[in-house]
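Next come the chains, spelled out residue by residue.
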Amino acid sequence: MTVLAFALLLAGGVYLVAMLEAWTTTGRFRPLAPFVRGFALLGRESLVPRQPDRLFFEIAPMLLLVAAVLALAVLPIAPGAIGVDLATGALFVNAALAYVMVALVMAGWGANGAYSMIAGWRFLGQLVAYSMLIVMPITAVGMRAASLVTTVIVTSQTTMWNAVTQPLGFVLFCLAAMAVCFLPPFDLPVAPGELAGGVMGEYTGVRLLVMRLARLLLVLTLAVAITVFYLGGWLGPLLPPWLWTITKTLLVAAAMLGVGRFVPRLRDEHLLAWGWKIGIPLALVNIFWVGITLLVVSP
Amino acid sequence: MMLQLVAVAFFGVAAVAFGIGVFRTRSMVRSALSLLGAMVAIGLMFLAMEAEFLGVLQLMMMASEMTIMAIFMMMYMMDPGGLSQMEMTHQKRTSVGAGIIGGAGALVLSFLTPWGRIVASAPAPGAQLHDLGIELMTRGMLIFETAGFTILVAMIAATLTAIVRQK
C-alpha cells in the first residue's frame, strides 16, 4: 500500500470517527462539524503554561499521534492492504499502545498543573488495570490462528468469527480497548467535570488540535483492532473486502463512543480492583476455553 | 548489511546518550523517561539485528516499567521536579571508579570473547517465534517456571508486608 493511500485512509477514518463522536455527544449529524471545530482550534492562541517541562509538553501530543499510527500500521484493511506485515503484528499493536500511556503521563507532567499531573498518573493506574486485558485476549486469538501475523488472524476466522468462538475474550478486549482510548466510562485521565480536562486541560489551540486528532485516531485504531481480531476483518460476502473492514470498524467505533455515555465514570480503585480480581481470572478462563475448543472441537 | 550496521551503531550511541541523560537532569520524571529512551533505543537495536520478537517485547515491557519507576521516584524524592537544584548523583568517586572498571571490563571481555563468524542472515521472524515457543515449552521450561514462580512469591510477599493490619 502506498503512503498516500494510507494517509488518505487515516484522514477519512479520523473524519468519520470525529463525526460519530459529535453524533454520540450532541445527537445531531453534522458533516461539517469536524472541519469547523478543527479550524476554530487552529485560529486560537496556543498557550504554554508557566514553568512547564517544555520538552514533555511539546512531545506528548506527537507521541500520542505516533503511537496510534504505528499500531494502525500493522492492521490490515484488505488482503495486501497493510502498512507493515510484521511476524509479531498482534504483539506490536500492544507495544505501540503502551506509548499512549507514556504520552499521557508526559502531557500530565509537562504542563505543570496539579489537575493534569493527577490525570496523567491516573492513566498509569488505568494501564495497570487494562493492559493484561489487552494482552491475554490477544494471546487466545493468536492461539486460534497459530500466528501473531494480523493477516493470518483474519484468515483464521473464515469459518467463524472469533467474537463467536471466544465471546469472553471479545467482551474483555472491547472493554480494555475503551479504556485505552479513555472513552467514558473509563475517561479518568480527562474526567470532564472533575479534573477540569485533566491531561488535555492545559493544552490550547493547535496543540489541543493535535491531541484531539490523536485521540480520534486512537479510537479508530482500536476499532480496527477489534474488527481484525474478533469480527473477521475484511471477510464477508458480496461487498469488496476493504468496504467490509470500514463498515465493521465504523460500527465498532460508534458502539465504543456511544455505549459508555450511559454508564457513570468508574472510580480508579474500582477499575483496578475489577480489572485484576474479575478481568484477569476471566481472561485466563478464556485462554483455557480456547485451548479446550482447539484441542477437542477442531483438532 | 551496511545499513543494519549503521542502524545498530546509531541506536547504540542513542542508548548511551539517553543513559547519560538519566544523570544529567535534575527532574525525576525526566530521568526515568530518559532511561525509557535508552531502553527504546536498545529495543530498536534488537529490531535492527532482526530479532523482531525481542525488540517488540522490549519496546512493550519497558514503556510501563519505566513509567511505573517514574511515579515511585516522584513519590519518594523531596524534589521530583528538580526545581531547587537537588544533586542527582552521590558517592561520586566510588561510582566513577566503578564505572571505569566496569566499562573497561566489558570492553576487554568483548574483545577476548571468540564470537565466531558473523552470521549475516537470521531466521525469518515467524521461525524465531516458533523456535522460541518450542524452547520455552521444552528445555527452558523449568528455568522460566522457576523464575516466574519466584517473582510471584516475591510479589505476594511484598504486598503482604505493605498491607497495614487493621485491628
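Residues numbered from 1 in each chain as written. Chains lettered and ligands numbered in written order. Predicted model: local features only at pLDDT ≥ 70, side-chain atom pairs only at ≥ 80, totals over all residues.

**Focus on the overall build of chain A**
Rule in force here: Helix and strand labels come from DSSP, where a helix needs a run of H or I of at least four residues and a strand needs a run of E of at least two; each type is numbered from the N terminus. Our radius of gyration looks at C-alpha atoms and nothing else; its globule reference is 2.2 Å times the residue count to the power 0.38. Here a residue counts as buried when 20 or more other C-beta atoms sit within 10 Å of its C-beta, as exposed when there are 12 or fewer, and as partly exposed otherwise, the C-beta atoms being derived from the backbone. For every residue pair, C-beta atoms are placed from the backbone, and the pair is scored as a contact if these atoms sit within 7 Å.
Helix and strand content of chain A: eleven helices and zero strands. When the elements of chain A are put in sequence order from the N terminus, they spell out α-α-α-α-α-α-α-α-α-α-α. Its C-alpha atoms give chain A a radius of gyration of 19 Å, near enough to 19 Å, the size a compact globule of 299 residues would have. With the C-alpha coordinates of chain A rotated into their principal frame, the extents come out at 65 × 45 × 35 Å. Sorting the 299 residues of chain A into buried and exposed places 52% on the buried side. For chain A, restricting intrachain contacts to residue pairs at least 6 apart in sequence, the fraction spanning at least 24 positions comes to 79%.

**Some details on the overall build of chain B**
Of the regular secondary structure elements, chain B holds six helices and zero strands. Along chain B, helices (α) and strands (β) appear in the sequence α-α-α-α-α-α when read from the amino end. Taken against the 2.2 N^0.38 rule, which gives 15 Å for 167 residues, the C-alpha radius of gyration of chain B at 20 Å runs more than 25% over that of a compact globule. In terms of principal-axis extent, the alpha carbons of chain B reach across some 55 × 45 × 25 Å. Among the 167 residues that make up chain B, the fraction classed as buried is 20%. Excluding contacts between residues fewer than 6 apart, the proportion of contacts in chain B whose partners are at least 24 apart in sequence is 61%.

**Focus on helix 9 (residues 205-230) of chain A**
Structural remark: α-helix, 3.6 residues per turn; residues separated by three or four positions point the same way. All names here are of chain A. What counts here: Multiplying 1.5 Å by the helix residue count minus one yields the expected span of that helix.
In this model, helix 9 (26 residues) spans 37 Å end to end at C-alpha, consistent with the 38 Å of a helix rising 1.5 Å per residue. Of all 26 residues that make up helix 9, 22 are buried, and the element is covered over most of its length. Just downstream of helix 9 lies Gly232, where phi reads positive at about 75°.

**With respect to the confidence of the model for chain B**
Residues and elements named next belong to chain B. What counts is decided by this rule: Every residue is assigned a pLDDT by the predictor, reflecting its confidence on a scale from 0 to 100.
The share of residues in chain B with pLDDT of 70 or more is 93%, and the mean pLDDT across the chain is 86. When mean pLDDT is taken per element in chain B, helix 4 (residues 92-112) scores highest with 92 and helix 5 (residues 125-137) scores lowest with 85. If you check the scores for this complex, the pTM reads 0.87 and the ipTM reads 0.84.

**Examining the domain arrangement of chain B**
Interfaces are frequently sized by the accessible area removed from exposure as the parts join. Filter applied, for reference: For the purposes of this description, domain bounds are those given by an automatic or database domain assignment.
Once the domains are mapped, chain B shows domain 1 (1-77) and domain 2 (125-167). Relative placement of domain 1 of chain B and domain 2 of chain B: their C-alpha centres are 23 Å apart.

**Some points on the interface of chain A and chain B**
Which entries qualify depends on this criterion: Charged means Asp, Glu, Lys or Arg here, nonpolar means Ala, Val, Leu, Ile, Met, Phe, Trp, Tyr, Cys or Pro, and polar covers whatever is left, Gly included.
Contacts between chain A and chain B engage 19 residues on the former and 17 residues on the latter. For the side of chain A that touches chain B, the secondary-structure elements that each account for two or more residues are helix 4 (89-110) and helix 5 (114-145) of chain A. Ranked by the residues each element gives to the side of chain A that touches chain B, the list is headed by helix 4 of chain A, at ten residues. Partitioning the side of chain A that touches chain B into residue classes produces 15 nonpolar, three polar and one charged.

**Here we look at the nonpolar core**
Residue and element names in this part refer to chain A. Applicable threshold: A set of buried Ala, Val, Leu, Ile, Met, Phe, Trp, Tyr and Cys residues, joined through C-beta atoms within 7 Å, is what we mean by a nonpolar core.
Membership of the largest hydrophobic core comes to 123 residues, with the highest contact counts inside it found for Val100, Ala103, Phe173, Ala177, Val180, Val219 and Ile226. Broken down by element, the residue count for this core peaks at 18 residues, all from helix 4. Every residue in contact with Ala177, bar those within four places of it in the chain, is listed here: Leu222, Ala225, Ile226 and Met256.

**Observations concerning the packing of helix 5 of chain A against helix 8 (residues 167-180) of chain A**
Two quantities define a packed helix pair, namely the angle between the axes and the distance from one axis to the other. All names here are of chain A. Here is the rule: Helix axes use the C-alpha atoms of the stretch in contact, all axes being lines fitted to C-alpha atoms, and the angles between their N-to-C directions lie in the range 0 to 180 degrees. Note on terminology: angles under 35 degrees are roughly parallel, angles over 145 are roughly antiparallel, angles of 65 to 115 are roughly perpendicular, and the others are oblique. Left-handed describes a crossing in which the near helix is turned anticlockwise from the far one by less than a right angle; the clockwise case is right-handed.
Between helix 5 and helix 8, the least distance of the axes is 9 Å, while the angle of their chain directions is 140°. With respect to helix 8, the axis of helix 5 lies oblique. Taken as a pair, helix 5 and helix 8 cross one another with a handedness that is left-handed. Contacts between helix 5 and helix 8 pair Gln126, Ala129, Tyr130, Leu133, Ile134, Pro137, Ala140 and Val141 from the former with Gly169, Leu172, Phe173, Leu175, Ala176, Ala179 and Val180 from the latter. For the contact of helix 5 with helix 8, the class distribution of residues is 13 nonpolar, two polar and no charged.

**Re the packing of helix 3 (residues 54-73) of chain A against helix 9 of chain A**
Residues and elements named next belong to chain A. Contact geometry of helix 3 with helix 9 gives a least axis separation of 8 Å together with a crossing angle of 20°. Taken together, helix 3 and helix 9 sit at an angle that is classed as roughly parallel. Helix 9 is crossed by helix 3, and the crossing has left-handed handedness. Between helix 3 and helix 9, the residues in contact are Pro61, Met62, Leu64, Leu65, Ala68, Val69, Ala71 and Leu72 and Arg207, Val210, Met211, Leu213, Ala214, Leu217, Leu218, Thr221 and Val224, respectively. Residue composition of the contact of helix 3 with helix 9, by class: 15 nonpolar, one polar and one charged.

**As for the environment of Asp85 of chain A**
All names here are of chain A. Along the chain, Asp85 falls in the loop between helix 3 and helix 4. C-alpha of Asp85 to C-alpha of Leu75: the two residues are ten residues apart in sequence and 8.0 Å apart in space. Not counting chain neighbours up to four residues away, the residues in contact with Asp85 comprise Val149 and Thr151.

**Section: the environment of Gly120 of chain A**
Residues and elements named next belong to chain A. Take Gly120: it is sitting in helix 5. According to the C-beta neighbour criterion, Gly120 is buried, with 29 such atoms within 10 Å. In the structure, Gly120 is positioned 68 residues away from Leu188 in sequence and 9.2 Å away in space, judged by C-alpha atoms. Beyond its immediate chain neighbours, meaning those up to four positions away, Gly120 contacts Leu104, Val105, Ala107, Gly108, Trp109, Pro189 and Val199.

**Concerning the environment of Arg26 of chain B**
Structurally, the position occupied by Arg26 of chain B is in the loop between helix 1 (2-24) and helix 2 (28-48). As a C-alpha pair, Arg26 of chain B and Ala9 of chain B span 17 residues in sequence and 28 Å in three-dimensional space.

**Overview of helix 3 (residues 52-76) of chain B**
Residues and elements named next belong to chain B. Let me state the cut-off plainly: Consider a residue and the seven residues that end there alongside the seven that start there; fitting an axis to each set, the bend is the angle between those axes.
Here helix 3 spans 36 Å end to end across 25 residues, near enough to the 36 Å set by a 1.5 Å rise per residue. The largest bend along helix 3 reaches roughly 30° and is located at Met62. If you check which residues of helix 3 are buried, you get Glu52, Phe53, Gly55, Val56, Gln58, Leu59, Met60, Met62, Ala63, Thr67 and Ala70.

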